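Per-entry structural report
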Amino acid sequence: MLLFLAVPAVIAVGSGFFDASGHPTLANLAALGDPSVLRAFGGSFGLSAASAVIGAVVGALVCWALAALRPDGIIRSMIDSAASVLAQFGGVMLAFAFIATIGTQGLVTAWLVSTFHWDLNADGAFLYTVPGLVIPYVYFQVPLMVLTFMPALEGVKTQWGEAAATLGASRLTYWRRVALPVLAPAFCGSLLLLFANGFSSFATAAALISQGGIVPLTIRAQLTSETIIGLQNVAGVLALGMVVVMAVVMTAYSLLQRRAARWQR
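Right, let's walk through the structure included here. Please read these numbers as outputs of a predicted model, since none were measured by experiment. (Residues numbered from 1 in each chain as written. Predicted model: local features only at pLDDT ≥ 70, side-chain atom pairs only at ≥ 80, totals over all residues. Heavy atoms only, no water.)

Concerning the overall build of the chain
For the chain, the count of helices and strands is 11 helices and zero strands. Counting helices and strands in the order they occur from the N terminus, the chain gives α-α-α-α-α-α-α-α-α-α-α. Dimensions along the principal axes, computed over C-alpha positions, put the chain at roughly 75 × 55 × 30 Å. Out of the 265 residues in the chain, the part that is buried amounts to 37%. Long-range contacts, defined as pairs at least 24 residues apart, comprise 72% of the intrachain contacts of the chain with a sequence gap of at least 6. (Helix = DSSP H or I, 4+ residues; strand = E, 2+ residues; numbered from the N terminus. Buried < 20%, exposed > 50% of the residue type's maximum accessible area, 1.4 Å probe, protein only. Contact = heavy atoms within 4.5 Å.)

Written out as structure tokens, the structure reads:
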């Protein structure tokens, strides 16, 4: 933890507070107001939010379907195992899989053109843009949602529904007044976790996009060639911005998980 996480994080963030001569300075923080940096943060927020919302909704529906299966059944076990693997499946392998599927010469792309005469990339290579990254990001966001939200859904006791029905509540009333309020903190917490996961992802985007557009790729560009004139160590400033965003998101996630945990006891 200290060697591979703490020390690199301190070095990365701390470098933004020094100039080219190694003297402490706060002037580099002006980079956070640069239009290219603001666009990068906007792209990261949009990409993370879109993939998180889609992944959360689809993942919640998958969890709802899995709730009807036996926890120790073969189908449930296979899906749980697949979710554990696919939630960590990313980087160059995932990028290549989507290039071969929906890239400019991908199998699905060619099939759509030959069968329906519809070219997915008619207006440009969609997969190699920031909006196009939503598709591969959702691929690992949905399994992560299944892993994080399923324990909360399993915490909803059948006795609550039976008690509500005994008191004359309809199924819709039970979900609106009992189940959804109980599940809301866990769902929002999982949504924040998915947002953080998308915000910090780098390898898949780096394999598909050569230029900036999101913060991790902008950090890479700053490390290879300074593009903001008059400021040094901009990569460290961008890392500081990412750390602040992640700290806020993970703090909110921790608070929501603490609230949701009382229903899972």
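What follows continues from the structure just given.
Side note on the side chain of asparagine 121
Structurally, asparagine 121 can be placed in the loop between α5 (107-116) and α6 (134-154). We classify asparagine 121 as buried; its relative accessible area is 11%. At 3.0 Å, the side chain of asparagine 121 forms a polar contact with the backbone nitrogen of phenylalanine 126. (Polar contact = N/O pair within 3.5 Å; in protein donor to acceptor, adjacent residues only side chain to side chain.)

Some points on the packing of aromatic side chains
A full pass over the atoms with the stated rule returns nine aromatic pairs. Judged by centre distance (5.5 Å) and plane angle (50°), the ring pair of phenylalanine 45 and phenylalanine 199 falls under tilted. Here phenylalanine 45, found in helix α2 (residues 35-66), pairs with phenylalanine 199, found in helix α8 (residues 171-200); they are 154 residues apart in sequence, far enough to count as distant. Classification of phenylalanine 45 as partly exposed rests on a relative accessible area of 35%. Relative accessible area serves as the criterion here: at 1%, phenylalanine 199 is assigned to the buried category. Measuring from centroid to centroid gives 6.2 Å for phenylalanine 89 and tyrosine 139, while their planes differ by 55°, and the two rings are tilted. Residue phenylalanine 89 is found in the loop between α3 (74-86) and α4 (91-102), and its partner tyrosine 139 is found in helix α6; the two are separated by 50 residues along the sequence. What links up through ring pairs into an aromatic cluster is the set Phe45, Phe195 and Phe199. (Phe/Tyr/Trp six-rings, centres within 6.5 Å; stacked < 30°, edge-to-face > 60°.)

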